Amino acid sequence: MSQQQVAAQVANLLGKVGRWSVFLGIGGSVLQTSLYTVDGGERAVMYDRIQGVLPVPIGEGTHFRVPWLQSPNVMDIRTRPRTISSVTGTKDLQMVNISLRVLTKPDTDTLATIFKNLGLDWDERVLPSIGNEIIKAVVAQYNAEQLLTQRDKVSKAVRESLTLRAKEFNILVDDVAITHLSFGTEFTKAVESKQVAQQEAERARFVVMKADQERKAAVIRAEGESESARLISDATRSAGPGMIELRRIEAAKDIAATMSKSGNVVYLPGGGNMLLGLNSGGGR
């Protein structure tokens, strides 16, 4: 076999390989564009150029589609958090800055409707507007003080109203919580002044109670002393002079016992008995 024949065969083989490579490349591209994957926690809504949006969402896994004719739109169906902030007024016309943390997810059975009406960014389109609407409507039913003391009740009212409102858009609300609540400077000063006034009132009430107890104690002591004097008077009147003399003797004994303990006191009994004894002794 000559070199020219070998070269011709090699050229022919390379041509066939090139043609097959082109066919394989085209086939691989077609196959790649015909397959798509839906990950966990997601669903695909299929748009068909002939039928429009197909009503049944497609679950997890790898699926086939007709290139150019069909295009899948993958939607996340997992619960996602979102913070909604609003500045609104209370029932007593106090301005309040309130923030909610909302956990929502789309209704899986109505994903096609959600996609047609709201698109893939359904939460951005709906939640801020209806969240502010519900916050303003609920907060307007409470006074500023009630928002602080009845926080659970306010949160429950917001959750119930937001759940019903979001259901109109086929959105499910898993939880709603008030994460931030603050008032204006004037209301904060008013609350502080009220707390100081309450403390002063409590202190004044304590002083009044203490004075009342002291007055009652003084009355009880006076009554006791009066009763004691009355009993002594009755006992003295019933015992006669003997009782008085007995009291005098007891008092004299107490005085003598006290004075006997002092070395600087010289005791000379009263009366003339000792003098008489001395005079009679001297006479002898």
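Rules of the game
- Residues numbered from 1 in each chain as written.
- Predicted model: local features only at pLDDT ≥ 70, side-chain atom pairs only at ≥ 80, totals over all residues.
- Heavy atoms only, no water.
- Helix = DSSP H or I, 4+ residues; strand = E, 2+ residues; numbered from the N terminus.
- Buried < 20%, exposed > 50% of the residue type's maximum accessible area, 1.4 Å probe, protein only.
- Contact = heavy atoms within 4.5 Å.
- Areas by Shrake-Rupley, 256 points an atom, 1.4 Å probe, with all protein chains shown as cover.
- Phe/Tyr/Trp six-rings, centres within 6.5 Å; stacked < 30°, edge-to-face > 60°.
- Lys NZ or Arg CZ within 6 Å of the ring centre and 35° of its normal.
- Salt bridge = Lys/Arg side-chain N within 4 Å of Asp/Glu carboxyl O.
- Pairing = 2+ DSSP bridges.
- Axes fitted to C-alpha atoms, helices over the stretch in contact; angles between N-to-C directions.
- Parallel < 35°, antiparallel > 145°, perpendicular 65-115°, else oblique.
- Left-handed = near helix turned anticlockwise from the far one by under 90°.
- Nonpolar A, V, L, I, M, F, W, Y, C, P; charged D, E, K, R; others polar.
- Polar contact = N/O pair within 3.5 Å; in protein donor to acceptor, adjacent residues only side chain to side chain.
- Expected span 1.5 Å × (residues − 1).
- Arc of directions from axis to C-beta.

> How would you summarise the overall build of the chain if you had to cite specific residues and measurements?
The helix and strand inventory of the chain stands at eight helices and eight strands. Taking all 284 residues of the chain together, 23% fall into the buried category. Looking at the chain alone, contacts between residues at least 24 apart form 66% of all its contacts between residues at least 6 apart. For the chain, the computed accessible surface area is about 19,900 Å², with 57% contributed by carbon and sulfur atoms.

> Can you tell me about the packing of aromatic side chains, naming the residues and giving the values?
For the structure on display, the rule yields zero aromatic pairs. Over the ring of Trp68 we find Arg49, and its NZ or CZ is 4.7 Å from the ring centre.

> Which residues make up the pattern of salt bridges, and what values go with them?
Here the structure, examined in full by the defined rule, presents 11 salt bridges. Across the pair Arg203 and Glu200 runs a salt bridge whose closest N-O atoms are separated by 3.0 Å. With Arg203 and Glu200 both in helix α6 (residues 185–239) and three residues apart, this pair spans about one turn of that helix. Using a relative accessible area of 44% as the deciding quantity, one classes Glu200 as partly exposed. When salt bridges that share partners are traced, they join Glu133, Arg165 and Glu168 into one network.

> Explain the sheet that holds strand β2 (residues 42–48) to me, and be specific about the residues and the numbers.
Read from one edge of the open sheet, three strands run β3-β2-β5, paired in antiparallel fashion. Both outer strands of the open sheet, β3 (52–53) and β5 (70–76), are each paired with one neighbouring strand and no more.

> Can you tell me about the packing of helix α3 (residues 122–139) against helix α5 (residues 151–167), naming the residues and giving the values?
Interaxial distance between α3 and α5 falls to 10 Å at its minimum, and their mutual angle equals 140°. Of the possible angle classes, the one that applies to α3 and α5 is oblique. Viewed along their axes, α3 and α5 form a crossing whose handedness is right-handed. Note on element contacts: α5 touches α3 through Val154, Ala157, Val158, Ser161, Leu162, Arg165 and Ala166, opposite Ile130, Gly131, Glu133, Ile134 and Val138. When its residues are assigned to classes, the contact of α3 with α5 shows eight nonpolar, two polar and two charged.

> Go over the sheet that holds strand β6 (residues 80–89), please, and point to the residues and values.
The strand order β6-β7-β8 describes an open sheet built from three strands, whose pairing is antiparallel. Looking at which strands have only one partner, the edges of the open sheet turn out to be β6 and β8 (171–183). The mean angle between the axes of side-by-side strands here comes to 25°, regardless of whether they run parallel or antiparallel. The strands touched by α5 within the sheet are β7 (95–106) and β8, with β8 carrying the most contacts at an inclination of about 140°.

> Lay out the environment of Asp92 in plain terms, naming residues and giving numbers.
Tracing the backbone shows Asp92 in the loop between β6 and β7. On the accessibility criterion, Asp92 (33% relative accessible area) is partly exposed. Among all residues touching Asp92, those that are not within four sequence positions of it are Asn143 and Ala144. Polar contacts involving the side chain of Asp92 include one to the side chain of Thr90, which spans 2.4 Å.

> Just give me the short version of α5, but keep the residues and values in it.
Between its first and last C-alpha, α5 extends 24 Å over 17 residues, near the 24 Å set by a 1.5 Å rise per residue. Listed in full, the buried residues belonging to α5 are Val154, Ser155, Ala157, Val158, Leu162 and Ala166. The buried residues of α5 occupy an angular sector of 160° when projected down its axis, which confines them to one face. Facing away from the buried surface of α5 by more than 90 degrees, the exposed residues are Asp152, Lys153, Leu164 and Lys167. Packed against the buried residues of α5 are β7, α3, α4 (144–149) and β8.

> I'd like a description of unusual backbone geometry, backed by residues and values.
In this structure, Trp68 takes a positive phi of about 65° despite not being glycine. You can see Trp68 is positioned in the loop between β4 (61–64) and β5. Notably, Leu93 is not glycine yet its phi reads approximately 65°, a positive angle. With respect to the helices and strands, Leu93 occurs in the loop between β6 and β7.

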